[in-house]
Every structure is written in structure tokens, then in C-alpha cells.
Amino acid sequence: MTHQEKQKEQSKKWIASAFFTLLQKKDYNAITVSEIAKKAGLSRRTFYRVFSCKQDIIEYMFEEIFPDYISAVNELPAKKREYLAVAIVGFVNKHLEFFRCLKKNHLDYLIIDFFDNHLADGRDSIWERPFSENDEVEQVFLMTISVEHYNIIRLWLELYHKKTPEEMSKLIADALALFNHFQ
């Protein structure tokens, strides 16, 4: 990595950190690029060198935490749908404040967008092969998984203060096991 690339990456980290700090205190729509840049100790010009808009910061933050999702799934005892709930709840719990901020600001729809765009990469890291030989079937399957992930995350965000991660994982795993009735 060149010195310039290192600087760019460091600027992204500072901007993302400043943005997240602001997002915890203010509404997304009330946060300005100038405010983010100032909080990061950078200029607006630097902001626009590394990001084109605030939503790009969220995408960057997702990309930064996605390896934790991959690790959580890879640590499962078996790659079964029922176990996936454990990985998702653990992943969200690790980044709970980030997901809470998205929900609070009505940005949780970005979760689906992110998983739609990245689950194929995750699949390659976890399963090392496509789920289907048919690309169209594969795409629809991954989109379905994205929606399932989104709903699990939304449910956990609603219940995290009422249930432990273990209780939530069990609840979701038991519910997902009901899909066996369709086989």
C-alpha cells in the first residue's frame, strides 16, 4: 500500500468514527458533511476525496464489520439454517450500537442492500462454492437470505433489551426449524 493509499484509508477511518459519534447523538438528516469533516479534523475537500456522500460512510462501515459476520458464520458447528441465527445475533450484538443507530434513523433498509451486494462474497469465503449452477436462481436465493437476515436483525433490535443473545438465537433457530415442514 502506498503512502497516499494509507492516508486515504486513515481519512476514511477518521471520518467514519466522527460520523458514528455524531450519529449516536443526532439524526442522520441533521448531520452535515462539514460537521463530519470538522469532527474528524479534516476538510470538506478531504471528505469528498474519500466519500461522495454520507451514505457511502455507512457502506464503508458495513464493509469494515463484514469480516466479523464471516467469522461468526465460520465458527458455527455446522452450516445449517438454524445455526445461522446464532451467527447473526452474535454479529449484531458485537455491533449493536451501529445497528441501533441505523434503525433509529430509519436507515435499516440499508442492511438488505448491503447483504444483497455482499452475501455472494461471504458465500465464497464460507462455503467456497455457489449454491446453484443457475445464476438467476443463485441471485434470488441470496436476496431471500438478505431479507431473512434483515428480519432477524430487526427482531433482535426490538428484543435485545428483553432477551439474552442466547435466548434470541434459540427463538430464531426454533422458528427457522419450522421451515422443515415445507420439505
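Rules and cut-offs
- Residues numbered from 1 in each chain as written.
- Predicted model: local features only at pLDDT ≥ 70, side-chain atom pairs only at ≥ 80, totals over all residues.
- Heavy atoms only, no water.
- Phe/Tyr/Trp six-rings, centres within 6.5 Å; stacked < 30°, edge-to-face > 60°.
- Helix = DSSP H or I, 4+ residues; strand = E, 2+ residues; numbered from the N terminus.
- Buried < 20%, exposed > 50% of the residue type's maximum accessible area, 1.4 Å probe, protein only.
- Salt bridge = Lys/Arg side-chain N within 4 Å of Asp/Glu carboxyl O.
- Axes fitted to C-alpha atoms, helices over the stretch in contact; angles between N-to-C directions.
- Parallel < 35°, antiparallel > 145°, perpendicular 65-115°, else oblique.
- Left-handed = near helix turned anticlockwise from the far one by under 90°.
- Contact = heavy atoms within 4.5 Å.
- Nonpolar A, V, L, I, M, F, W, Y, C, P; charged D, E, K, R; others polar.
- Disulfide = S-S within 2.5 Å.
- pLDDT = per-residue confidence, 0-100.
- Expected span 1.5 Å × (residues − 1).

A closer look at the packing of aromatic side chains
At step 1: The full count for this structure, using the stated rule, is 17 aromatic pairs.
At step 2: When the centroid spacing of 5.4 Å and the interplanar angle of 65° are considered together, the rings of Tyr69 and Phe115 count as edge-to-face. Residue Tyr69 is located in helix H4 (residues 54–74), and its partner Phe115 is located in helix H7 (residues 109–126); the two are separated by 46 residues in the primary sequence. Each of the two residues, Tyr69 as well as Phe115, counts as buried.

Let's talk about the pattern of salt bridges
At step 1: By the definition in use, this model includes seven salt bridges.
At step 2: Two residues, Lys13 and Glu9, come together in a salt bridge whose shortest N-O distance is 3.8 Å. Of this pair, Lys13 and Glu9 both sit in helix H1 (residues 3–25), four residues apart, roughly one helical turn.
At step 3: By relative accessible area, Lys13 is classed as partly exposed at 37%.
At step 4: With its nearest N and O atoms 2.7 Å apart, the salt bridge here joins Glu35 to Lys26.
At step 5: Overall, Lys26 belongs to the partly exposed group, its relative accessible area being 27%.
At step 6: Connected through salt bridges with shared partners, the residues Glu9, Lys13 and Glu64 form a single ionic network.

Details of the packing of H7 against helix H8 (residues 135–159)
At step 1: It is the contact of H7 with H8, at a shortest axis distance of 8 Å, that shows an interaxial angle of 130°. On the basis of the axis angle, H7 is oblique to H8. Like other packed secondary-structure pairs, H7 and H8 cross with a definite hand, here right-handed. When H7 is examined against H8, the residues Tyr109, Ile111, Ile112, Phe115, Asp116, Leu119, Ala120 and Arg123 are found in contact with a partner set consisting of Glu138, Leu142, Met143, Ile145, Ser146, Val147, His149, Tyr150 and Ile153.

Description of the packing of H4 against helix H6 (residues 96–104)
At step 1: It is at 12 Å that the axes of H4 and H6 come closest, and there the two elements cross at 150°. Judged on the interaxial angle alone, H6 and H4 are roughly antiparallel. The two elements H4 and H6 meet at a crossing, and its hand is left-handed. Where H4 approaches H6, its residues Ile58, Met61, Phe62 and Ile65 are matched on the opposing element by Phe98, Phe99 and Leu102.
At step 2: When grouped by side-chain class, the residues that make up the contact of H4 with H6 number seven nonpolar, no polar and no charged.

Some remarks on the state of the cysteines
At step 1: Overall, the coordinates contain zero disulfides when judged by the stated rule.
At step 2: Cysteine Cys53 is unpaired, with the sulfur of Cys101 as its nearest cysteine sulfur at 18 Å.

Quick notes on unusual backbone geometry
At step 1: Positive phi values are uncommon outside glycine, yet His106 reaches one of about 60°.
At step 2: Note on placement: His106 falls in the loop between H6 and H7.
At step 3: On the basis of relative accessible area, His106 is assigned to the exposed category, the value being 64%.

Examining the confidence of the model for the protein
At step 1: Looking at the protein, pLDDT values average 89 and 99% of them are 70 or higher.
At step 2: The secondary structure element of the protein with the lowest average pLDDT is H7, at 82, and the one with the highest is helix H2 (residues 33–40), at 98.

Here we look at helix H5 (residues 81–94)
At step 1: Here H5 contains 14 residues, and its C-alpha end-to-end distance of 20 Å stays within 8% of the 20 Å for a straight helix at 1.5 Å per residue.
At step 2: All buried positions along H5 are accounted for by Leu84, Ala85, Ala87, Ile88, Val89, Phe91 and Val92.
At step 3: Buried residues along H5 sit in contact with H4, H6, H7, H8 and helix H9 (165–177).

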